[in-house]
Amino acid sequence: MNKNQDQELDYRMDSVSENVSENASEKVSEKVSEKVSDARLSQIFGEALGDEPSKEETLAAWEAFEKKHISSEKEHLQKAEDELSEKKIDKARILTWITASVAVAASLFLFIFRSSQEISQPTEFSMELFSEVTSPKQVEQTLSNGYCVVSTPAATTTLVTLSDGTKVMLNANSTLEYPASFDDAEVREVRLKGEAHFEVTKNPHRPFVVKAGEMQTQVLGTIFDVKAYRKDAPKVTLMEGKVKVSNADTEVEMRPGQTATLQADKIVVSKASSSASDWLEGDFDMDQVTLAEAMSDIGAWYNKTVVFQSQANMDKLIHFRFSRRASLQEIIMALNEMGVAKVRIEKGKIMVL
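Conventions used here
- Residues numbered from 1 in each chain as written.
- Predicted model: local features only at pLDDT ≥ 70, side-chain atom pairs only at ≥ 80, totals over all residues.
- Heavy atoms only, no water.
- Salt bridge = Lys/Arg side-chain N within 4 Å of Asp/Glu carboxyl O.
- Helix = DSSP H or I, 4+ residues; strand = E, 2+ residues; numbered from the N terminus.
- Buried < 20%, exposed > 50% of the residue type's maximum accessible area, 1.4 Å probe, protein only.
- Pairing = 2+ DSSP bridges.
- Phe/Tyr/Trp six-rings, centres within 6.5 Å; stacked < 30°, edge-to-face > 60°.
- Lys NZ or Arg CZ within 6 Å of the ring centre and 35° of its normal.
- Contact = heavy atoms within 4.5 Å.
- Axes fitted to C-alpha atoms, helices over the stretch in contact; angles between N-to-C directions.

Caption draft 1: Region of interest: the pattern of salt bridges. Under the criterion given, the structure shown has nine salt bridges. When the shortest N-O distance is used, the salt bridge between Arg188 and Asp164 registers 2.5 Å. Separated by 24 residues along the polypeptide, Arg188 in strand S7 (residues 188–199) and Asp164 in the loop between strand S4 (158–161) and strand S5 (167–170) bring together distant segments of the chain. A salt bridge links Arg324 to Asp297; its shortest N-O distance comes to 3.1 Å. Here Arg324, found in the loop between strand S18 (317–323) and helix H7 (328–338), pairs with Asp297, found in helix H5 (residues 291–302); they are 27 residues apart in sequence, far enough to count as distant. For Asp297, a relative accessible area of 9% corresponds to the buried category.

Caption draft 2: Quick look at the pairing of strand S9 (residues 215–219). With burial as the criterion, only one face of S9 is covered, namely that bearing Met215, Thr217 and Val219; the residues Gln216 and Gln218 on the opposite face remain uncovered. With five bridges joining them, strand S8 (residues 208–212) and S9 adopt antiparallel strand pairing. Pairing of Phe208 across the sheet is with Val219, part of S9. Following S8, the chain reverses through two residues before pairing antiparallel with S9; Gly213 in that reversal takes a positive phi of roughly 65°. As judged from the three bridges shared by S9 and strand S12 (residues 243–246), these two strands associate in the antiparallel manner. Among the inter-strand pairings, Gln218 is bridged to a residue of S12, identified as Lys244.

Caption draft 3: Representation of the packing of aromatic side chains within the structure. Throughout the structure, instances matching the rule amount to six aromatic pairs. Relative to Phe322, the ring of Phe320 lies with its centre 5.9 Å away and its plane at 5°, an arrangement referred to as stacked. You can call Phe320 buried: its relative accessible area is 3%. Phe322 sits in the partly exposed class, given a relative accessible area of 28%. Site record: aromatic cluster; members linked through ring pairs are Phe182, Phe198, Phe208 and Phe224. Over the ring of Trp301 we find Arg324, and its NZ or CZ is 5.0 Å from the ring centre.

Caption draft 4: Focus on the sheet that holds strand S19 (residues 343–346). Strand order in this open sheet of four strands is S1-S17-S20-S19, and the pairing throughout is mixed. A single partner strand is all that each edge strand has here, and the edge strands are strand S1 (127–128) and S19. Inspection of the sheet shows strand S17 (residues 306–308) paired to strand S20 (residues 349–352) by three bridges, in the parallel sense. In the strand pairing of S20, Phe308 is matched with Val352. Its contacts with the sheet place H7 against S19 and S20, and it is angled at close to 145° to S19.

Caption draft 5: Main features of the environment of Leu335. As for its placement among the helices and strands, Leu335 is situated in helix H7. Counting along the chain gives 40 residues from Leu335 to Met295, while the straight-line C-alpha distance between them is 9.9 Å.

Listed below in structure tokens is the structure:
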């Protein structure tokens, strides 16, 4: 190689070194140091750590990062330039080594940022309120050994008249089991899974008893609702007359306008919700009820498991009125338009975010 060629090679190598050095610094410094303001740095480190630090803490963190990664990168670049001037290293190897070093430094910063984000993620909350039940595609009625069983599908109600004249409106996804005749019975006893509205024919000699879950309701003649879906706390709402509600440990008498709910093996009496029997009118009519109660009712009607992923949303009060003849998609759209929470269908379940 002659002298002119040697000088030309030195000039080109120096130019490459300068360009690579400038590009390497710009790739790391421009994106983070020169073009990122102190306020943005504060936001970045605050988001990554889950707790936004002070300005001084942010600057200190950046200086530590710069000293550890960017400063050492500049040292590597200077070393490369020195070796170039002594012609001890092949040009192709120099370019490859410098490019790889820049990539490593950038990757380290990205790793630190992402790792800190992952650490700051909150613990996931998930609570299932209503759980989908096995129900028929249409109203089914069977008779076996003197007992009748009536079951309803999703979004369907049906009226059942018992042998004593008692009328039972059975809600969606519910099952009622009762004797074909009460003629030889001292107690008129029926069993319920789901929800039903009872208008009991009065008979002082033969009490009427509804068994639902771990709670039973005894009456002589009155109007009331019983709700006992799976995973639901059994409850009785009295409209007219008087009823006695009991379980293995407790017995209480109710007045019209009250609701008795089984909570932790204890029966708790409270004021009845105005929406307790809205399903009889074919509507969702919820006035100042919790979102958890509303979504449980919606899940029971459409037979869809309801899962809350935000505990804070469960106790939010809402006012919601909508026809039960609407599709589930229309109901979800209406709920989302309220802006109280995000509701969506995911893998066949109603998810409340």
